[in-house]
Structures are given as structure tokens and as C-alpha cells.
Amino acid sequence: AATKSERNAEANYTKVIEEFPDLALAVKARFELAELKADRGEHTEVVKLLKAALEVETTDRPVPRDTFEQLRMRLGASLFVLKDYSGAASQFENVASNAKSTYYIACVYRAGESYLAAGDFQKAVAKLSEFRDKNEFHNGAGLGDRAMLRLGQSLVALKQDDAGKHAFETLL
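All values reported here derive from a predicted model rather than from experimental measurement.

(A) Region of the structure containing the overall build of the chain. When its secondary structure is counted, the chain shows 10 helices and zero strands. Element order for the chain, N to C, with α for helix and β for strand: α-α-α-α-α-α-α-α-α-α. Expressed as lengths along the three principal axes of its C-alpha atoms, the size of the chain is roughly 60 × 35 × 25 Å. Excluding contacts between residues fewer than 6 apart, the proportion of contacts in the chain whose partners are at least 24 apart in sequence is 49%. Here the chain displays about 9,300 Å² of accessible surface, and carbon together with sulfur accounts for 50% of that area. Within the chain, one finds 24 positive and 26 negative side-chain charges whose respective centroids are separated by 2 Å.

(B) A look at the environment of valine 16. When you line up the elements, valine 16 lands in helix α1 (residues 4–19). Valine 16 sits 138 residues away from serine 154 along the chain, and the two C-alpha atoms are 44 Å apart.

(C) Just the packing of α1 against helix α2 (residues 24–39), in detail. At a minimum axis distance of 9 Å, the contact between α1 and α2 shows a crossing angle of 150°. Of the possible angle classes, the one that applies to α1 and α2 is roughly antiparallel. Crossing hand, α1 versus α2: left-handed. Contacts from Glu6, Ala9, Glu10, Tyr13, Thr14, Val16 and Ile17 in α1 reach Leu25, Ala26, Ala29, Arg30, Glu32, Leu33, Leu36 and Lys37 in α2. In terms of residue class, the contact of α1 with α2 is made up of nine nonpolar, one polar and five charged.

(D) Region of interest: the environment of glycine 142. One can find glycine 142 in the loop between α8 (130–133) and α9 (144–157). The spatial distance from the C-alpha of glycine 142 to the C-alpha of isoleucine 105 is 9.6 Å, given a sequence separation of 37 residues.

(E) View of the environment of valine 125. Turning to its location among the elements, valine 125 is positioned in helix α7 (residues 121–128). Through-space distance from the C-alpha of valine 125 to that of glycine 112 is 7.1 Å; in sequence the pair is 13 residues apart. The residues contacting valine 125, other than those within four sequence positions of it, are Leu151, Ser154, Leu155 and Leu158.

(F) Looking closely at the packing of aromatic side chains. According to the stated counting rule, one finds four aromatic pairs in the structure shown. Ring centres of phenylalanine 80 and tyrosine 85 lie 5.0 Å apart, and the angle between their planes is 65°; this geometry places the pair in the edge-to-face category. Classification of tyrosine 85 by relative accessible area gives buried; the value is 18%. Judged by centre distance (5.8 Å) and plane angle (80°), the rings of tyrosine 104 and phenylalanine 137 are edge-to-face. Pair noted here: tyrosine 104 is in helix α6 (residues 104–118) and phenylalanine 137 is in the loop between α8 and α9, with a separation of 33 residues, a long-range link. For the pair formed by tyrosine 104 and phenylalanine 137, the shared burial category is buried. Stacked on the ring of phenylalanine 80, the Lys or Arg arginine 110 has its end atom at 5.4 Å from the ring centre.

Criteria and thresholds
- Residues numbered from 1 in each chain as written.
- Predicted model: local features only at pLDDT ≥ 70, side-chain atom pairs only at ≥ 80, totals over all residues.
- Heavy atoms only, no water.
- Helix = DSSP H or I, 4+ residues; strand = E, 2+ residues; numbered from the N terminus.
- Contact = heavy atoms within 4.5 Å.
- Areas by Shrake-Rupley, 256 points an atom, 1.4 Å probe, with all protein chains shown as cover.
- Lys, Arg positive; Asp, Glu negative; His and termini not counted.
- Charge placed at Lys NZ, Arg CZ, Asp CG, Glu CD.
- Axes fitted to C-alpha atoms, helices over the stretch in contact; angles between N-to-C directions.
- Parallel < 35°, antiparallel > 145°, perpendicular 65-115°, else oblique.
- Left-handed = near helix turned anticlockwise from the far one by under 90°.
- Nonpolar A, V, L, I, M, F, W, Y, C, P; charged D, E, K, R; others polar.
- Phe/Tyr/Trp six-rings, centres within 6.5 Å; stacked < 30°, edge-to-face > 60°.
- Buried < 20%, exposed > 50% of the residue type's maximum accessible area, 1.4 Å probe, protein only.
- Lys NZ or Arg CZ within 6 Å of the ring centre and 35° of its normal.

Right, dumping it as C-alpha cells:
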């Protein structure tokens, strides 16, 4: 259940969205409202809010790329929870298409994780092997060990037991 301050924040975000739907501020309000709802497990609502936020053509100023990347990351996370793994992977791939993104490494991992959950082991290996093959990924975003575990699982699912074993051994 939402606390009183969360209900107040939700009402304020909703008011901004309703009164100024085409402003960059409303895009940010949708993101903040989505975060509140995600914390409460309301992922279907999160998806609706963030899809709407991504479609807004602002009339006051452009929305910063970083904000769009945050929107896509949260949308991907909620789609993953809702078991829409291909939708989640698509959002993470969108962010990971920008190698200069602050969220690049995390989104490469999340895309790989989404492919693994969807049973698309080839795509999972393609993404997660970056954590094995590129030095900057080894402990990138604190995800190196998790990525190697998921890589090993993907390789074993593809019946590549030796390669999977090697991925698992890097965790020891």
C-alpha cells in the first residue's frame, strides 16, 4: 500500500502529466510516477506510463537522451517482470546501441538475461560473451560474475558443455 507521501507524489505527478502533457517535465513526471508504481509491483501500469512517455513529442525542449535511456531501462525491467522477454530485450538493446551510454554495460547484460529467459540461447551467448571477451566488461557495473553465470547457463543449454564449464570456472 502506498504511504501518504507516495499518494501525494502520485497526485502531483498525475497533475503535471494531465495539465502539461507535451512538456519535457511531463515526460520526467511519467518516469517518476512509473518508478513509484514499479516499487509497488504495478508493472502493467508502469508499461503504460513509459510507452506513453516515449511517444511524447515535447513542445518546450527536447528530452535528454539520458532520460530516454532511463525510460527504456525501466520499461525493459517491467516487461521482464511481466515475462515479455522479447519486449524487454528490445528496450535494453535500444539503450545498448549507444556504446557511449552510461548504461551500456548494464543494458548489454540485461539484454542477454532477457534472451536467456526467452530461451534464445544463441542471442544470450552473443550478448553475454562480451563480459568474457572484453576487459572493460569484466567487472562492468558490478555485473561480471552474474554475466558469466548466465553465459555458462546459455552455453550449457546449447550443449556446449566445455565452454559452459569454462564460464563457470571463472566464477571460482
